[in-house]
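Residue-level structure breakdown
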Amino acid sequence: MYPRQFDYVAPTSLDEAYGALGDDSKVLAGGMSLIPLMKMRLLSPGTLVDIGRIPGLDAIEDKGDHISIGALVRHSTTAGHPLIAQHAPALAQAAGMTGDVQVRNRGTTCGSLAHVDVAADQPAAVLAHGGVAVVGSASGTREVMADAFCMDTLTADLSPNEILLEIRLPKAGPGEGSAYDKLGRRGGHSDYAVAGVAAWVKMDAGSITDARVAITGVGTKPSLLPEVSQALIGTDGSESAVASAAEHAVDGVTVLEDLYGSVEYKTHLAKVYAKRAIQKAIGSIRA
Amino acid sequence: MTVNGQPVSAEVEPRTLLVHFLREDLRLTGTHVGCETGYCGACTVHVDGEPVKSCTMFAVQADGANVTTIEGIASNGDLHPVQEGFWERHGLQCGYCTPGMIMSSVALLSKNDRPSEEEIRHGIEGNLCRCTGYHNIVQAVQFAAARMRGEEPPAADWEGGE
Ligand SMILES: Cc1cc2nc3c(=O)[nH]c(=O)nc-3n(C[C@H](O)[C@H](O)[C@H](O)COP(=O)(O)OP(=O)(O)OC[C@H]3O[C@@H](n4cnc5c(N)ncnc54)[C@H](O)[C@@H]3O)c2cc1C
Ligand code: FES
Ligand code: FES
């Protein structure tokens, strides 16, 4: 299976990359979504701009008030990095449950956010952590909340001449915890999410003072669930409080039937995994 | 790029996948092509020491990299312990998945010299086998892990091992 012919550019600086991007081009990062699409000829860009040789994009760094994940950070790095384990455990877990060893060695966390697959794992965790996308182009950089960045199915807030440079995550403070859990298409945690939920929770003196919960796999894109968060805030995070909040797991979501489940089944799974992820997040604070 | 320790250079079309470059240009046909979509792992090779699926990477992306294929893991005619393990513990039937399975197992053991059964199964999650049911593959990796630690491998379960 060969893709259609294309021109290949491997810039060694961002300026060179911006210069090579145009209406008929695509950014190539890890290639774990783009190359299969090109091989199946669902996508045939005229030019591929491989950002893989641009220095300075492959680091996870503590920038004082936030953690930065560069465009070339692989899933395997995100999954195992001490800064992510400390500040964004849900993202570490989601990255560790993305694909398999070989996919995690190539695919990038930023690529996963930029691709906006309906069933991608890490975008849900980035949303729950209140992540921000930093987008660059020849005319400068702009910041977009990850939730707004994931516009629709396979559609990010990116124009053809822009590059997602980094994801910024707030640093964790006291009383905060997060977790990700999913049912994978191949069972357990394997493969894309049939339903996956990321939960971030903040507690003070035994009650939940803030929360963000995000879902993937069941709707048209990974998205935040404000109703679930609202239902959690002010409660003590007991099993019954979590269970009733989890009942809102598809509020505002257009649940779609696909090869992996009916609307009814996915709705059920959404609630089950919302409950599990929130309980895991709360458990991590209490532990 | 360097392939199995040998520098190689060639002009290729950008759309040439690494697996086709290895098999057709370099005639290293030990690396197999199964699904072509990134799922089966038959095409697994190491790029700079890490296992990747060579059907989902362009050869040009590996320009300058260090690539190791199944042909490159034996030394001086001695099988790699993982190859020996697959032989001794019947870790293959048709053999189609085997080169990729071995490359993933070698990578796993380079990070974890004492993997549990669960860790082995997770480590080869990206490699599908339609014949063995994985049982003997797990034993093959356990055999190799012991060999590489310099210990006596556990007996096969059909010989009364666990
Ligand atoms: C076998 C297999 C199993 C998988 N299983 C899972 C799974 O369980 N869960 C899951 O979430 N995903 C899974 N994936 C997808 C994987 O996570 C991809 O790596 C990820 O979705 C895309 O990241 P990438 O770096 O590979 O991007 P690429 O494939 O290189 O690019 C994907 C898209 O995003 C754009 N893009 C990428 N990076 C940037 C950037 N920095 N700026 C602007 N645009 C950019 C590209 O132009 C392209 O349109 C799987 C993939 C495979 C092949
Ligand atoms: S041929 Fe590459 S993963 Fe199947
Ligand atoms: S031995 Fe036949 S596919 Fe694994």
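Procedures and definitions
Residues numbered from 1 in each chain as written. Chains lettered and ligands numbered in written order. Predicted model: local features only at pLDDT ≥ 70, side-chain atom pairs only at ≥ 80, totals over all residues. Heavy atoms only, no water. Helix = DSSP H or I, 4+ residues; strand = E, 2+ residues; numbered from the N terminus. Rg over C-alpha atoms; globule rule 2.2 N^0.38 Å. Contact = heavy atoms within 4.5 Å. Near = heavy atom within 4 Å. Polar contact = N/O pair within 3.5 Å; in protein donor to acceptor, adjacent residues only side chain to side chain. Areas by Shrake-Rupley, 256 points an atom, 1.4 Å probe, with all protein chains shown as cover. Nonpolar A, V, L, I, M, F, W, Y, C, P; charged D, E, K, R; others polar. Phe/Tyr/Trp six-rings, centres within 6.5 Å; stacked < 30°, edge-to-face > 60°. Lys NZ or Arg CZ within 6 Å of the ring centre and 35° of its normal. Core = buried A, V, L, I, M, F, W, Y, C linked by side-chain atoms within 4.5 Å. Buried < 20%, exposed > 50% of the residue type's maximum accessible area, 1.4 Å probe, protein only. Domains from an automatic or database assignment. Buried area = accessible area lost by both parts, 1.4 Å probe. Salt bridge = Lys/Arg side-chain N within 4 Å of Asp/Glu carboxyl O.

Our next topic: the overall build of chain A. From N to C terminus, chain A includes 12 helices and 14 strands. Against the compact-globule benchmark of 19 Å for 287 residues, chain A has a radius of gyration of 19 Å, which places it among compact chains. Principal-axis analysis of the C-alpha atoms gives chain A an extent of 55 × 45 × 30 Å. Taking all contacts inside chain A whose residues are at least 6 apart in sequence as the whole, residues at least 24 apart take part in 63%.

The next subject is the site of ligand 1. What surrounds ligand 1 is a group of 32 residues, the closest being Val 27, Gly 31, Leu 34, Thr 108 and Asp 121 of chain A. Near ligand 1, the surrounding residues are drawn from chains A and B. One of the backbone nitrogen or oxygen atoms of Ser 112 of chain A is found 3.5 Å away from an oxygen atom of ligand 1. At 2.9 Å from an oxygen atom of ligand 1 is found a main-chain nitrogen or oxygen belonging to Tyr 192 of chain A. In isolation ligand 1 exposes 960 Å². Once the protein is present, 97% of that is buried. Broken down by secondary-structure element, the contributors of at least two residues to the shell around ligand 1 are strand E2 (25–28), helix H7 (109–115) and strand E10 (163–170) of chain A. With 4 residues, the single largest contributor to the shell around ligand 1 is H7 of chain A. Grouping the constituent residues of the shell around ligand 1 by class yields 16 nonpolar, 12 polar and 4 charged.

Turning our eyes to something else, we now look at the packing of aromatic side chains. Residue and element names in this part refer to chain A. Using the criterion set out here, one finds 1 aromatic pair over all chains in the structure. Sitting above the plane of the Trp 200 ring, Arg 212 keeps its charged end 4.3 Å from the centroid. Above the ring of Tyr 273, the side-chain terminus of Arg 276 is found at 4.8 Å from the ring centroid.

All right, on to the side chain of His 32 of chain B then. On the secondary structure map, His 32 of chain B appears in the loop between helix H1 (18–25) and strand E3 (44–47). Setting aside residues no more than four positions away along its own chain, His 32 of chain B makes contact with Val 19, Arg 23, Ala 42, Cys 43, Gly 95, Tyr 96 and Pro 99 of chain B.

Let's shift gears to the nonpolar core. All names here are of chain A. In this structure, Ile 69, Ile 84, Leu 91, Leu 113, Phe 149, Leu 169 and Tyr 180 are the most contacted members of the largest nonpolar core, which totals 35 residues. Broken down by element, this core gets its largest block of residues, 5 residues, from helix H8 (residues 122–128). Here this core spans two domains, and each of domain 2 (60–170) and domain 3 (176–286) adds at least three residues to it. In contact with Leu 169, other than residues within four places in its own chain, are His 66, Ile 67, Ile 69, Ile 84, Ala 88, Leu 91, Val 126, His 129 and Gly 131. Of all hydrophobic cores here, the second largest spans 32 residues; its members include Met 203, Leu 225, Val 250 and Ile 282.

Across the contact, 31 residues belong to chain A and 32 residues belong to chain B. The contact between chain A and chain B buries some 2500 Å² in all, and 54% of this surface belongs to carbon and sulfur atoms. A per-residue breakdown of the area chain A buries against chain B is headed by Tyr 2, Gln 102 and Arg 106 of chain A, which together make up 25% of the total. Linking chain A with chain B are 2 salt bridges. For Asp 100 of chain A, the salt bridge identified is with Lys 53 of chain B, shortest N-O distance 2.6 Å. Between the two partners, chain A and chain B, sit 14 residue pairs in polar contact (both at pLDDT 80 or more). Looking at the side of chain A that touches chain B, the elements that each hand over two or more residues are helix H2 (34–39), strand E3 (47–50) and helix H6 (101–106) of chain A. With 6 residues, H6 of chain A is the single largest residue contributor to the side of chain A that touches chain B.

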